[in-house]
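Residue-level structure breakdown
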Amino acid sequence: MHADSRPSMLYGTLFLTATGMVAQFFGFLYRIFLSRLIGAETMGLYQLIMPVYSVLLSVTVVGLTAAVSNLTSGYLAQHRGRAAEQTLSRCLTLLISLLAVPTVLVLLFSDSISVYLLGDARTRLGLMLLPPCVLLTGVENLHKHAFYGAGQIRPPAFAELAEQLVRAVAVLGLLLLFLPQNPERTVGLIVMGMALCEVFSAVTLTLLYRRWRSRVSARGEKEPPRVLNRKITHIALPVGTTALLGNLMGSVCAIIIPQKLVEGGMKVSDAVSAFGVMFGMTLPLLSLPTSFIAALGLLLVPSLAESLALGRKEEIRRRISNAMLATSALVLPAMAFLSVLGPTLGNAMFHNGDVGHFLLPLAIAMTLTCYQAVLSCALNGVGKQPISARNALICAAVELVITLVTVGRPEFGLGGYAVASVCSAALGVMLDGWVVCRVTGLRLRIFTCFTAPGLAALLMGLCVNLLFRTLINLNMVGLHAALICLIFGMLLYLCALSAQGIHATSLFHLQK
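Residues numbered from 1 in each chain as written. Predicted model: local features only at pLDDT ≥ 70, side-chain atom pairs only at ≥ 80, totals over all residues. Heavy atoms only, no water.

1. So, the overall build of the chain
Heads up, the rule is: Helix and strand assignments come from DSSP, with helices taken as H or I runs of at least 4 residues and strands as E runs of at least 2, each series counted from the N terminus. Here the globule rule is a power law, 2.2 Å times the number of residues to the power 0.38, and the radius of gyration is based on C-alpha atoms. Classification of residues uses two cut-offs on accessible area relative to the type maximum, computed with a 1.4 Å probe and protein chains only: under 20% is buried, over 50% is exposed, and between them is partly exposed. It only takes one pair of heavy atoms within 4.5 Å for two residues to be counted as in contact. The method behind every accessible area is Shrake-Rupley, applied with a 1.4 Å probe, and residues are considered shielded solely by the protein chains displayed. For the purpose of charge, His is not counted, nor are the chain termini; Lys and Arg are scored as positive and Asp and Glu as negative. A charged residue contributes its charge at one atom only: NZ of Lys, CZ of Arg, CG of Asp or CD of Glu.
A count of helices and strands for the chain gives 16 helices and zero strands. For 512 residues, the compact-globule estimate of 2.2 N^0.38 gives 24 Å, and the C-alpha radius of gyration of the chain, at 23 Å, lies within 12% of that figure. Each principal axis of the C-alpha atoms in the chain carries an extent, and together these give about 65 × 60 × 40 Å. For the chain, buried positions account for 54% of its 512 residues. Taking the contacts inside the chain whose residues are at least 6 apart along the sequence as the reference set, 83% of them involve residues at least 24 apart. When the accessible surface of the chain is summed, it comes to about 21,400 Å², and 68% of that surface belongs to carbon and sulfur atoms. Seen as two clouds, the 36 positive and the 21 negative side-chain charges of the chain have centres 10 Å apart.

2. Quick look at the environment of L98
In this fold, L98 is placed in helix α2 (residues 81-108). Residue class for L98 comes out partly exposed when judged on its relative accessible area of 39%. Counting along the chain gives 86 residues from L98 to E184, while the straight-line C-alpha distance between them is 28 Å.

3. Description of the packing of aromatic side chains
The condition is simple: When the centres of two rings from Phe, Tyr and Trp lie within 6.5 Å, Trp using its six-membered ring, the rings pair. Their planes under 30 degrees apart give stacked, over 60 give edge-to-face, and anything left gives tilted.
Counting across every chain of the model gives four aromatic pairs. When the ring of F147 is compared with that of W212, the centres are 5.9 Å apart and the planes differ by 55°; the resulting orientation is tilted. On the criterion of sequence distance, the pair formed by F147 in helix α5 (residues 130-149) and W212 in helix α7 (residues 183-215) is long-range, its members being 65 residues apart. Grouping residues by exposure puts F147 and W212 together as buried. Members of the aromatic cluster, each reached through a chain of ring pairs, are F147, Y209 and W212.

4. Thoughts on α7
In plain terms, the rule: A helix's residues, less one, multiplied by 1.5 Å, set its expected span. N or O atoms within 3.5 Å of each other form a polar contact, as long as, within protein, one can give a hydrogen and the other can take it, and as long as residues adjacent in sequence are counted only when both atoms are side-chain atoms.
Under the 1.5 Å per step criterion, the end-to-end length of α7 is 49 Å for 33 residues, consistent within 8% with the ideal 48 Å. Taking the backbone nitrogen of E184 as reference, a side-chain oxygen 3.1 Å away marks N182 as the first, capping residue of α7.

5. Topic: the packing of helix α13 (residues 385-406) against helix α14 (residues 415-440)
Which entries qualify depends on this criterion: Axis definition: a line fit to C-alpha positions, over the contact stretch in the case of helices; interaxial angles, taken between N-to-C directions, run 0 to 180 degrees. Orientation is classified from the angle alone, with under 35 degrees giving roughly parallel, over 145 giving roughly antiparallel, 65 to 115 giving roughly perpendicular, and any other angle giving oblique. Each crossing gets its hand from how the near helix is turned against the far one by less than a right angle, where anticlockwise is left-handed and clockwise is right-handed. Amino acid classes used here: Ala, Val, Leu, Ile, Met, Phe, Trp, Tyr, Cys and Pro are nonpolar; Asp, Glu, Lys and Arg are charged; the rest, including Gly, are polar.
Close contact between α13 and α14 brings their axes to 8 Å; oriented N to C, the two are set at 160°. Viewed along their axes, α13 and α14 adopt a mutual orientation that is roughly antiparallel. The handedness of the crossing between α13 and α14 is right-handed. Residue classes in the contact of α13 with α14 are distributed as 13 nonpolar, seven polar and four charged.

6. Considerations on the nonpolar core
The cut-off we apply is this: Take the buried residues of types Ala, Val, Leu, Ile, Met, Phe, Trp, Tyr and Cys, join any two whose side-chain atoms come within 4.5 Å, and each joined set is a nonpolar core.
With 133 residues, the main nonpolar core has L34, I190 and I257 as its most contacted residues. Ranked by the residues each element gives to this core, the list is headed by helix α1 (residues 9-77), at 24 residues. Apart from residues no more than four positions distant in its own chain, L34 is found in contact with G39, M43, Y46, V171, L172, L175 and I190.

7. Some words on unusual backbone geometry
A positive phi angle, near 70°, is found at N475, a position not held by glycine. Judged by its relative accessible area of 72%, N475 is exposed.

8. A few points about the pattern of salt bridges
What counts here: Salt bridges, as used here, are contacts in which a Lys or Arg side-chain nitrogen is within 4 Å of a carboxyl oxygen on Asp or Glu.
For the coordinates displayed, the defined rule picks out eight salt bridges. Of the charged contacts, one joins R318 and E315 as a salt bridge, the two residues approaching to 3.7 Å between their closest N and O atoms. One end of the pair is R318 and the other is E315, both in helix α11 (residues 313-350) and three residues apart, which spans about a single turn. Residue R318 is classed as partly exposed on the basis of its relative accessible area of 26%.

9. Comments concerning the confidence of the model for the chain
This is how it is decided: Think of pLDDT as the predictor's per-residue confidence, scored from 0 to 100.
Summarising the model, the chain shows a mean pLDDT of 81, and 91% of its residues fall at 70 or more. Across residues 1-5, where pLDDT falls below 50, the model places 20 contacts with residues more than four positions away in sequence or in other chains.

10. Quick look at a nonpolar patch on the surface
Worth spelling out the cut-off: Patches here are clusters of residues that have more than 30% relative accessible area and form no salt bridge, with a 9 Å joining cutoff for like charges and a 5 Å cutoff for nonpolar side chains (Val, Leu, Ile, Met, Phe, Trp, Tyr).
A surface patch of nonpolar side chains, amounting to about 510 Å² of accessible area, comprises V22, F25, F26, L29, F33 and L165. With five residues, α1 is the largest single contributor of residues to the nonpolar patch. On the basis of relative accessible area, F33 is assigned to the partly exposed category, the value being 45%.

11. Topic: the state of the cysteines
Stated formally: Sulfur atoms of two cysteines make up a disulfide when they are within 2.5 Å.
Following the criterion strictly, the structure yields zero disulfides and no others. C423 takes part in no disulfide bond, and the closest cysteine sulfur to it belongs to C395, at a distance of 11 Å.

12. Structural notes on the side chain of T403
When you line up the elements, T403 lands in helix α13. In this structure T403 comes out as buried when scored by relative accessible area, which is 1%. Side-chain polar atoms of T403 contact the backbone oxygen of E399, separated by 2.7 Å. Those residues in contact with T403 that sit more than four places away from it in its chain are C253, I256, I257, Y417 and A420.

13. Here's the deal with helix α15 (residues 446-473)
Helix length check: α15 (28 residues) gives 39 Å between terminal C-alpha atoms against 40 Å at 1.5 Å per residue, within 8%. Turning to α15, its buried residues number three or more, namely C449, A452, P453, A456, A457, M460, G461, V464, F468 and L471. Phi for N475, located one or two positions after α15, is positive at around 70°.

This is how it looks when you write it as structure tokens:
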């Protein structure tokens, strides 16, 4: 077992981006059909239990996956395959141990959690079905990140594609078989379908990992148990604690939004529906172009860990700089495009005219969040997990405070959450960026990485907006006009970048 076959950052990122985009496409179709089947109010109930799911994952899984990815990459760079295998086994054992207490608490206090914390008793059944999902998701993700740490990107990528199809079939199949039901049972059916999907994913990735491991030779000495435990703790504890506290604050933020909207004068059903539209439709629409960032982050952390283990400081700086350029080059035009055409696309997909509300500030927040995600991955890759954790918690606290202050006021409403997201993400970019530059000695090329892509995206957005309005005035169908604008916008964006000295071939210069 060795890391010699690790793919280049370019190949790996593009491959994971392509498979991620296909998976997101299927996932987005699934979400469209789901929203049409259950409606905005039930979608809001489903979104209310997802923060609990995120909290359980952060308690049990998130830190361990970071440890598996980092340590596997580092051990394989040092030709210590046995220690890499040992890391995965130890993290699987820790997963089961960490999940035991939260499972008991959720089962015993599901009624109180649903009524007093989530604010709606109809979420209780879904809550009780979450722990099995968390366990299976943990097994899946630990094997997936062991693959990523070893530079094996194809097995988890194809498993991700299959997972989207299985989830759609399982959830939509159960709903079609058993609907109509009351909202609580409908949410329970959705979570049950998720559990069936996770069974498939966990079993598939476990079998694929064992098959791959049987074909490679495990070399080197094992790590002494105490040393391994200390290394896992050093990575998993700050990452997991950050994820837990961040998700707790994010969960409080999400849970209080419907309640604050009611305080501002909305009816309960309208508040839950508005919450479902923003978090179940608008934000997923904006997250469609971020497949690249997710793929880049999955590869950036183990790649930087490998460079750090081998003492290649210049390689670390180059990889981070190229990652920031690629992020700007892809995310900025995508957000400009969605800011203009998002309402048309959202209405066509979800049959809901409210999807376009707050698109511009949410698009700005999504862009900054992508930058923050890349910088956070850079900090994790160079062994600065505690600093990344601290910065993430500060940003989550800022978002929570602004949400609490603004959403309950009628003049803000859900717009208060959009403002909170922008402020939080902007602060995160500044904090993480400053630390990355200080720790690695990185000097970002401001014009190349930010100014030029930003100006090109702004030009594209303004021209696409004008073209789209012209085509609509000529009585063209909205989706047809959007497709023409997409093609025109892409060509204009590339031309604008080229005019500023940035050519398409340099956008993904992500060598190994």
